[in-house]
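For reference, the chains in residue letters:
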Amino acid sequence: RRRHGYDEAAAFARDRDRGRGAATGPSEAEEHARVLFCLGGPGAGKGTQCARLEHEFGWAHVSAGELLRAARAGGSEESRVIADCLDRGAIVPVAVTLRLLRRAIDEATRRGAPVVVVDGFPRNADNVEGWEADAATKGLDVRGVLFYDVPHDVLLQRIAVRGASGERDDDDAETARRRIRVYEEATRPIVDLYARRGALLSVRGEGDVEEVWRLTKEALAPLVGAQEE
Ligand code: ADP
Ligand code: C5P
Ligand code: MG
């Protein structure tokens, strides 16, 4: 793992740990946790790049979509709501998503992750409002939004490749088009909101995985004080 130039990520963790007693509870542990949201169209490459942030920087990757897919199984009313939304490519009510995210962020923080990357959230206005109204996320320090900008035709191509592997039920052509529509209507305004707040770290995501990784590190430089050699 290459750490050079990312000392500030370690400093994040030291700040967080400073002044923390031995018997620190989860809410206190969460207090100064650094969060980076990650957005982009379906198939933009969020999961792929977040996995690299996890392996190469030791950051935690928490994917809202993966948490929801894991929670769709089971006979509860909530599982049925999740399954119905996933099948339609619709956005799950924030109370449900937030409960899953809170637990995963808390776990990552307790493991000592210097930054928790929350992938696929906030996806719409309901997600933003839910996050901002939640007392449990108040202490989390949201550093910005890592945004992957990829044209629709490339998104559809990538989803078709992933769909062929049978990895996911929502990668068929019709649901993919619907998810892109939901992305344009519900998620783009959220991307614009963070841009207006000066919190958007934008990456051109059309290139191959290595190229996008290089651009990702470049985009993150102001955040982590990266000085790649
Ligand atoms: P997201 O999490 O944004 O939906 P993924 O990381 O799952 O996107 O990527 C979608 C599909 O495209 C996967 O099959 C992945 O292997 C592939 N992929 C990811 N990044 C690239 C890239 N830069 N070039 C080509 N294919 C990619
Ligand atoms: O991000 P990902 O492509 O894995 O998301 C898959 C699906 O999970 C979305 O199409 C949507 O149905 C659901 N989702 C959601 N709310 C989020 C993130 C994902 O409802 N914040
Ligand atoms: Mg993903």
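Within any chain, residue numbers begin from 1 and follow the written order of that chain's sequence. Lettering of chains starts at A and numbering of ligands starts at 1, both following the order in which they are written. In keeping with the model being predicted, local features are shown solely for residues with a pLDDT of at least 70 and side-chain atom pairs are shown and tallied solely at 80 or more, while totals for entire chains, interfaces and linings include all residues. To obtain the side-chain values, all non-hydrogen atoms of the structure were used and water was disregarded.

*Asks:* Could you give an account of the site of ligand 1, with specific residues and numbers?
*Replies:* Any residue with at least one heavy atom within 4 Å of a molecule or strand is counted as near it. Taken together, 13 residues form the shell around ligand 1, and within it G43, K46, T48, R162 and G207 come nearest. Pairing of N or O atoms within 3.5 Å defines a polar contact, subject to two protein rules: one partner must be a possible hydrogen donor and the other a possible acceptor, and residues neighboring in sequence count only if both atoms are side-chain atoms. One nitrogen or oxygen atom from the main chain of G47 is found 2.9 Å from an oxygen atom belonging to ligand 1. With the chains in place, 73% of the 560 Å² that ligand 1 exposes on its own is no longer accessible. In this analysis, the protein atoms alone were mapped onto a 1 Å grid. Cavities are point sets where a 1.4 Å probe fits without being able to get out; pockets are open sets with protein on both sides within 12 Å along at least five of seven lines; lining residues have an atom within 4 Å of a point. A molecule is said to be in a cavity or pocket once over half of its atoms fall within 2 Å of that pocket's grid points. Its atoms largely coinciding with the cavity grid, ligand 1 occupies the largest pocket. The Shrake-Rupley method, run with a 1.4 Å probe, gives the accessible areas here. Residue values count only the displayed protein chains as cover.

*Asks:* Lay out the sheet that holds strand 4 (residues 141–149) with the relevant residues and their values.
*Replies:* DSSP-based pairing: two strands are paired if at least 2 bridges between them are found. Secondary structure elements are defined from DSSP: runs of H or I of at least 4 residues count as helices, runs of E of at least 2 residues count as strands, and each element is numbered from the N terminus. An order of 2-3-1-4-5 is seen for the 5 strands of this open sheet, with the pairing classed as parallel. Either end of the sheet is taken by a strand with one partner, and the two such strands are strand 2 (60–63) and strand 5 (200–204). Within the sheet, the average angular offset between the axes of one strand and its neighbour, ignoring direction, is 25°. The pairing of strand 1 (residues 34–40) with strand 4 spans 6 bridges and is parallel. A fitted line through C-alpha atoms serves as each axis, taken over the contacting stretch for helices, and the angle formed by two N-to-C directions is quoted from 0 to 180°.

*Asks:* With reference to specific residues and values, describe the environment of L100.
*Replies:* By the secondary structure assignment, L100 is in helix 6 (residues 94–110). Each residue gets one of three labels from its accessible area relative to the maximum for its type: buried under 20%, exposed over 50%, partly exposed in between, using a 1.4 Å probe on protein chains only. Judged by relative accessible area, L100 falls into the buried class, the value being 8%. Contacts: residue pairs with any heavy atoms within 4.5 Å of one another. In contact with L100, other than residues within four places in its own chain, are L67, L68 and A71.

*Asks:* How would you summarise the packing of helix 8 (residues 152–164) against helix 9 (residues 173–196) if you had to cite specific residues and measurements?
*Replies:* Where helix 8 contacts helix 9, the axes come no closer than 10 Å and their chain directions differ by 140°. Considered as vectors, helix 8 and helix 9 are oriented oblique to each other. The interaxial crossing formed by helix 8 with helix 9 has right-handed handedness. Every residue of helix 9 that contacts helix 8 at H152, L155, L156, I159 and R162 is listed here: A176, R177, R179, I180 and E184. Within the contact of helix 8 with helix 9, the residues separate by chemical class into 5 nonpolar, 1 polar and 4 charged. Should an angle fall under 35 degrees it is called roughly parallel, over 145 degrees roughly antiparallel, and 65 to 115 degrees roughly perpendicular, with every other angle called oblique. Put simply, a crossing is left-handed when the front helix is turned counterclockwise from the back one by less than a right angle, and right-handed when it is turned clockwise. Note that Gly is not counted as nonpolar here; it falls among the polar residues with everything else outside the nonpolar set of Ala, Val, Leu, Ile, Met, Phe, Trp, Tyr, Cys and Pro and the charged set of Asp, Glu, Lys and Arg.

*Asks:* Would you mind going over the side chain of R179 in detail, with residue names and values included?
*Replies:* Among the secondary structure elements, R179 is positioned in helix 9. One polar contact links the side chain of R179 to the main-chain carbonyl oxygen of D170, over a distance of 2.5 Å. Side-chain polar atoms of R179 contact the side chain of D171, separated by 3.0 Å. For R179, the contacting residues outside a window of four places in its chain are P42, G89, I159, R162, R168, D170 and D171.

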